[in-house]
Amino acid sequence: QVQLVESGGGSVQPGGSLTLSCKTSGFNLDYYVVGWFRQAPGKGREGVSCISSSDDSTSYVDSVKGRFTISRDNFKDTAFLQMDSLEPADTAVYYCAAGFVRFSACLSPDEYDLWGQGTQVTVSS
C-alpha cells in the first residue's frame, strides 16, 4: 500500500523553527521527485520546495529561500523540510508529494500523483 505520512507540524512563534518529515512506504522513493506544498485557508495549494531523484537538486519558492531546506534520506524512505525563521505568512497545512516529475516543473502540484494527508503549521505570537 502506497503511503506518505507527514509529521512534525505544530505551533511556533515567529522566528521559530520546525522540521517536517515525510515517511513513505509501498514504493521505492529513490526514483521519485519529492515536493513539499502548502495550503493556507482560502488559498490554493502552493509549491514550497522540491528535490530531484537523481542528484538531489533542489528548488524553492522565493518566499522561503534562505529559510527552508529540503532534504531526503532514501535509505529511510523519508524526506524532510527544515523550516527556520518562520513567519506568520508560513501558516498553512503542509503536504508532501512524490512523482515522476519534470524537475523544471517540480513546484507545480499538478505534476504529482502521490500525496500525504498534510500536517498543520501555525506561526503566531
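Residues numbered from 1 in each chain as written. Predicted model: local features only at pLDDT ≥ 70, side-chain atom pairs only at ≥ 80, totals over all residues. Heavy atoms only, no water.

Q: Any chance you could break down the side chain of aspartate 90 for me, citing the residues and the numbers?
A: Position of aspartate 90 relative to the elements: it lies in the loop between β8 (78-83) and β9 (92-99). You can call aspartate 90 buried: its relative accessible area is 1%. A polar contact of 2.8 Å, which involves the side chain of aspartate 90, links it to the backbone nitrogen of glutamate 87. If near-sequence neighbours (up to four positions away) are discounted, aspartate 90 is found in contact with Arg38, Val64, Arg67, Phe68, Ser85, Val121 and Val123. (Helix = DSSP H or I, 4+ residues; strand = E, 2+ residues; numbered from the N terminus. Buried < 20%, exposed > 50% of the residue type's maximum accessible area, 1.4 Å probe, protein only. Polar contact = N/O pair within 3.5 Å; in protein donor to acceptor, adjacent residues only side chain to side chain. Contact = heavy atoms within 4.5 Å.)

Q: So what about unusual backbone geometry? Which residues, and what values?
A: In this structure, aspartate 56 takes a positive phi of about 60° despite not being glycine. Along the chain, aspartate 56 turns up in the loop between β5 (46-51) and β6 (58-60). On the basis of relative accessible area, aspartate 56 is assigned to the partly exposed category, the value being 41%. Phi at serine 85 takes a positive value of approximately 50°, unusual for a residue other than glycine. Residue position: serine 85 is located in the loop between β8 and β9. For serine 85, a relative accessible area of 41% corresponds to the partly exposed category.

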